[in-house]
Amino acid sequence: MPRPDSPAVHPLGSRAKVLLTSVFGPYAQDDVYGSRAINPMELYQNQVTRVQGAFSLRTFHRSWGIMMLQANVTAPSTLLDFPSQERFLEEITRRQYDVIGITAIMTNLMKVRRMCKLIRKHQPHAEIVLGGHIANMPDVRRWVDVDHVVLGEGVRWLRRYLGEDESAPLRHPVVRGNIGTRIMGVTLRDHPGDVCATLLPSVGCPMGCNFCSTSALFGGKGSFVEFYHTGDELFEIMCQLEERLNTPSFFVMDENFLIDKPRALELLELMEQHGKPWSLYVFSSANVLRKYRIDQLVALGVSWVWLGLEGKRSQYVKLAGTDTRELVRTLQQHGIRVLGSSIIGLEEHTPENIDEAIDHAVAHATEFHQFMLYTPIPGTPLFQQMAAEGRVFSEAETSVPDTHGQHIFNFRHPHIPPGQETEFLLRAFRRDFEVNGPSVVRIIRTVLRGWQTYRDHPNPRIRARFAHEAANLPVRYAGVLWAAKRYYDGQPRMRQMISELLDELIAACGPEAARAAPIYGRRLYGQLLEEEERLASGQTYEPPTYYEVNEAASLDNPAAALIAPAMPLPMAAEGGEPPKRRAAFARVAVGVPSP
């Protein structure tokens, strides 16, 4: 994998005061700094439930990368996540920093440029470090005035730059999986399934799809950086996250977590030994899933999987030989929810066959479905190939802020005329919604199937996991179905589908569900309509600003939210040579900082 640049150690070493920040908001608006109303800081509303209106899942995710950096340096470190421009300016004018690190994706190029100008004006002696996906942009220095661009994994780079031990035990931050989650006009909090912890086992993806910016950023095909090599290490982290966040659910932020089967099965063995009824939300590829028996996936707690479907007759080998529709049906029968991901505008797509491609995707009936435009992102093999062929649009023909996969092509498609791709993309979202209904209804169906299948399982750990996931069925989910059924009064097919599911739920859960459905449902229906009115009037959602300091920085700023030092647990150093296919930390200890 390409190694990040190796600068000299900062003159102040670990005494340097560090500010780590994401780009400024607001995000869900059209502005001169490259924000776009159709590209908000909400993954689901942005590219999954985009046309589902008040049924859309609205949620935010923290900037995990800079949280991992802060947890793994001893230098005085301040973290500013989702600031406004005014809040960022306030921070750099009232406190002196020696190093300012910015993380961003490429569409936020103009915001990074603005932040760098402000830093040069107000903190001319500070060194600016740029990381995240924007670092993969080959000509990024032409646009922004920075001192260092960090490609790939940044913990070792930052430790080396600050004169700290780059091979010191890695510490895992405490990260909630979702922030401010809303659906149907209701903000979710403190109920089963509402809270999960984020687990960060690795970065990068060894599959190496030519369009994948994540794979390219961390070395390309065959390369990734694995932070934790053993099930033992993961188990210790998960136990602490479970205790700190009071949750048995984990969003595993790993591009293909199950690809390391020995590690996954070792984790499963420990879960069995200690009776852990955990739920795992994972990313995977179809061919990797096929290497596991369904009973292994269920026992491991896989309850949600993000699955790349790409498109009918896709060239990508991770789908070779797999009937993905049958795979999805099997997973759902066992209570595993699926987020399918399909690409619109593959090389073989034409105006004549695009409906066939969309129908193929919709036929999977996944709980969620992401649709993205085929997009050559700078730094990827696909971009290099298309640039060599003269097919990438010039700066005069497109703009970086619009190259986010949810609007227009940034290249000349061999069959689709410019401008048609936007309509094709929206057509895919709309057809999935029209055929399969709201994602929340699909989720309830699969949760119910899983509970019916496993509520009497002989393994008490598995029974407990499905009981936890089904805890909302008798009241909240019954009310959701009642409200959705009423919402679709004028659409007989969808109303009938939801009505049959509600009847099935009541039959399974008994009188409690029958009583609760109309009571909770009426209230929820009113909130659903109110949310529709808010959205129609232009209501948008933005993440809150987070301001956190580590222990060293707290001496300078005692009023800030303190991130306490990590508490490492004893762990033997990994023996032997790691596989050549991955880069890895030399030794790892498990520990997490306090919230």
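Residues numbered from 1 in each chain as written. Predicted model: local features only at pLDDT ≥ 70, side-chain atom pairs only at ≥ 80, totals over all residues. Heavy atoms only, no water.

*Asks:* What am I meant to see in the overall build of the protein chain here?
*Replies:* Each helix and strand in the protein chain was counted, giving 21 helices and 19 strands. Residues classed as buried in the protein chain amount to 61% of the 595 residues present. In the protein chain, the proportion of contacts linking residues at least 24 apart, taken out of those at least 6 apart, comes to 76%. (Helix = DSSP H or I, 4+ residues; strand = E, 2+ residues; numbered from the N terminus. Buried < 20%, exposed > 50% of the residue type's maximum accessible area, 1.4 Å probe, protein only. Contact = heavy atoms within 4.5 Å.)

*Asks:* Please explain helix 14 (residues 381-388) as it appears in this structure.
*Replies:* One turn of the α-helix equals 3.6 residues, which is why residues spaced by three or four share an orientation. Those residues of helix 14 that fall on the buried side of the exposure criterion are L382, F383 and M386. Buried residues of helix 14 fall within an arc of 95 degrees about the axis and therefore sit on the same side. Away from its buried face by more than 90 degrees, helix 14 exposes Q384 and A388. Positive phi appears at G390, one or two residues downstream of helix 14, with a value of about 75 degrees. (Arc of directions from axis to C-beta.)

*Asks:* Any chance you could explain unusual backbone geometry here in plain terms?
*Replies:* Note on backbone geometry: most residues besides glycine have negative phi, and most peptide bonds are trans. With an omega of 0 degrees, the peptide bond running from G25 to P26 counts as cis. Residue placement: P26 occurs in the loop between strand 1 (18-22) and helix 1 (43-47). Even without being glycine, F82 reaches a positive phi, approximately 60 degrees. Mapped onto the elements, F82 comes out in the loop between strand 3 (77-81) and helix 3 (85-94). The exposure class assigned to F82 is buried, which follows from its relative accessible area of 3%.

*Asks:* Just to check I follow, could you spell out the pattern of salt bridges for this structure?
*Replies:* Where charged atoms from two side chains of opposite charge come close, those side chains can pair. All chains considered together, the criterion is met by 36 salt bridges. A salt bridge links E272 to R461, with the shortest nitrogen-to-oxygen separation between them at 3.1 Å. Of this pair, E272 sits in helix 9 (residues 261-274) while R461 sits in helix 17 (residues 460-469); the two residues are 189 residues apart in sequence, bridging distant segments of the chain. Classification of E272 as partly exposed rests on a relative accessible area of 36%. Put simply, R87, E90, E91, R94 and R95 are held in one network by salt bridges that share partners. (Salt bridge = Lys/Arg side-chain N within 4 Å of Asp/Glu carboxyl O.)

*Asks:* In this structure, what is going on with the packing of aromatic side chains? I would like to understand it.
*Replies:* Centre distance and the angle of the planes are the two values used to describe a pair of aromatic rings. For the structure shown, the criterion picks out 20 aromatic pairs. Ring centres 5.2 Å apart and planes at 70 degrees place the aromatic pair F250 and W278 in the edge-to-face group. On the criterion of sequence distance, the pair formed by F250 in strand 12 (residues 249-252) and W278 in the loop between helix 9 and strand 13 (279-284) is long-range, its members being 28 residues apart. Both residues of the pair, F250 and W278, count as buried. When the centroid spacing of 5.8 Å and the interplanar angle of 50 degrees are considered together, the rings of F251 and F283 count as tilted. Of this pair, F251 sits in strand 12 while F283 sits in strand 13, and the two are 32 residues apart along the sequence. For the pair formed by F251 and F283, the shared burial category is buried. (Phe/Tyr/Trp six-rings, centres within 6.5 Å; stacked < 30°, edge-to-face > 60°.)

*Asks:* How should the nonpolar core be read in this particular structure?
*Replies:* For soluble globular proteins, the rule of thumb is that nonpolar side chains tend to be buried together. Of all hydrophobic cores here, the largest spans 114 residues; its most connected members are L258, L473 and L505. Among residues more than four places away in sequence, those in contact with L505 are I444, L448, L473, Y477, A478, L481 and A513. Counting 32 residues, the second-largest nonpolar core is a separate cluster that includes L19, V23, M137 and Y547. (Core = buried A, V, L, I, M, F, W, Y, C linked by side-chain atoms within 4.5 Å.)

*Asks:* What's the story with the side chain of N410 in this structure? I'm lost.
*Replies:* Following the sequence through the fold, N410 ends up in the loop between helix 14 and helix 15 (420-436). Among the polar contacts made by the side chain of N410, one reaches the main-chain carbonyl oxygen of P376 at a distance of 3.0 Å. Those residues in contact with N410 that lie beyond four places of it in its chain are T375, P376, R391, V392, F393, T398 and T403. (Polar contact = N/O pair within 3.5 Å; in protein donor to acceptor, adjacent residues only side chain to side chain.)

*Asks:* Help me out: how do you make sense of the sheet that holds strand 2 (residues 58-60) in this one?
*Replies:* Across a sheet, paired strands are connected by hydrogen bonds in the backbone, their directions being either parallel or antiparallel. Sheet architecture is open: three strands sit in the order 2-7-8, paired in antiparallel fashion. Sheet topology places strand 2 and strand 8 (186-187) at the edges, where each strand pairs with a single neighbour. Where strand 7 (residues 179-183) meets strand 8, two bridges bridge the pair, whose relative direction is antiparallel. If you follow R182 over to strand 8, its bridge partner there is T187. (Pairing = 2+ DSSP bridges.)

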